[in-house]
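# Remarks on the overall topology
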Amino acid sequence: MKSINELRHMGSMILREAGIADADIDASLIMQYLLGVDKDHILAHGTDEVGEAEAEEYLKLIDVRKSHVPLQHITGHQEFMGLDFTVNEHVLIPRQDTECLVEEAMIVTEDKMRVLDMCTGSGCILISLLRYKNDLEGVGTDISKEALKVAAENAKRNKVSALFLEGDLYGALEGSSESGKRFDIIVSNPPYIRSSVIGTLMEEVRDHEPLKALDGGEDGLDLYRRIMEGTDEYLIPGGRILFEIGYDQGQAVSDLLKEKGFADVEVVRDLAGLDRVVKGRKRI
Ligand code: GLN
């Protein structure tokens, strides 16, 4: 029989040889997931033996990760804004980068505001806002029915209530109880990768995360344009719009917002110092 540490070491070697970026961390996290324990337990009980069946299961999971399946598809979870989110292959795995968007949105949200999250995916942005601010009304839309199932489960898990609507951007609102009703804030982390760049993404992202959540068209800006178009009808005068952007899209998305007549257009950097959010205010 092998100990926790011996197995972790084996797992880590296998992953490293396969070129997995965070081999050590992933080998540990897979062990934590398998045993249903936290990091402290692994550190304190590293010499404990693992039963044959569990050891075999561990190495099977390591093999899955070795084939570049994202760790979060193995564990089914991702932490975001200190909250726990369920994930699967139908949603983009919440990125830490996106916390920048939530933090910016939190600055401008006030009690009772109506918030629209377009391309909500796992729901991580909207659910975090509802969880940390008082009494917001939240609507999330997505073109994927499967994604919305995940979002609904995440809302329940995090004890917030939101309305999730299926459809293509504002098309999801039309014909619903929200049709023609305006929002105080629109947030979105839309697909924004240029189509030609998709092939160069990490295997974990390219082959396992939903293409629909990544591909922003030829120049990556398709969805920003379409979301901005709907602000005439769906954003109140003085209302705010906040987008997550790719590191090289700050200028382009700011220009689009200014052309659309938005005021106070600003680019915000994330913790890594990269342009990450563009925000603006609709003129009154
Ligand atoms: N930031 C994401 C990535 O890691 C892309 C997210 C998006 O297109 N909205 O590829």
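Structure: above.
Anyway, here's the lowdown on the structure attached to this text.

### A few points about the environment of F85
Tracing the chain through its elements places F85 in strand β4 (residues 83–86). By relative accessible area, which is 0% here, F85 ends up buried. F85 sits 10 residues away from R95 along the chain, and the two C-alpha atoms are 11 Å apart. Sequence-distant contacts of F85, that is, excluding residues within four places in its chain, are made with G76, H77, Q78, F80, S122, G123, C124, I127, S128, N154 and N158.

### Brief notes about the pairing of strand β10 (residues 263–269)
As paired elements, β10 and strand β11 (residues 275–281) share five bridges and run antiparallel to each other. Each residue of the ladder has a partner; that of A263, found in β11, is R281. Hairpin connection between β10 and β11: a loop of five residues separates the two successive antiparallel strands, and G273 in this loop has a positive phi of roughly 85°.

### Observations concerning the packing of aromatic side chains
Per the counting criterion, the structure on display carries three aromatic pairs. Plain terms: the ring middles of Y170 and Y234 are 5.3 Å apart, the flat faces sit at 20° to each other, and that makes the pair stacked. In this pair, Y170 is assigned in the loop between β7 (163–166) and β8 (183–188) and Y234 in helix α11 (residues 231–234), connecting sequence segments 64 residues apart. Under the relative-accessibility criterion, Y170 is labelled buried at 8%. Look at Y234 and you get buried, because its relative accessible area is 1%. Judged by centre distance (5.0 Å) and plane angle (80°), the ring pair of Y224 and F243 falls under edge-to-face. With Y224 in helix α10 (residues 222–229) and F243 in strand β9 (residues 235–244), this pair connects stretches of sequence that are 19 residues apart.

Parameters and conventions
Residues numbered from 1 in each chain as written. Predicted model: local features only at pLDDT ≥ 70, side-chain atom pairs only at ≥ 80, totals over all residues. Heavy atoms only, no water. Helix = DSSP H or I, 4+ residues; strand = E, 2+ residues; numbered from the N terminus. Buried < 20%, exposed > 50% of the residue type's maximum accessible area, 1.4 Å probe, protein only. Contact = heavy atoms within 4.5 Å. Pairing = 2+ DSSP bridges. Phe/Tyr/Trp six-rings, centres within 6.5 Å; stacked < 30°, edge-to-face > 60°.

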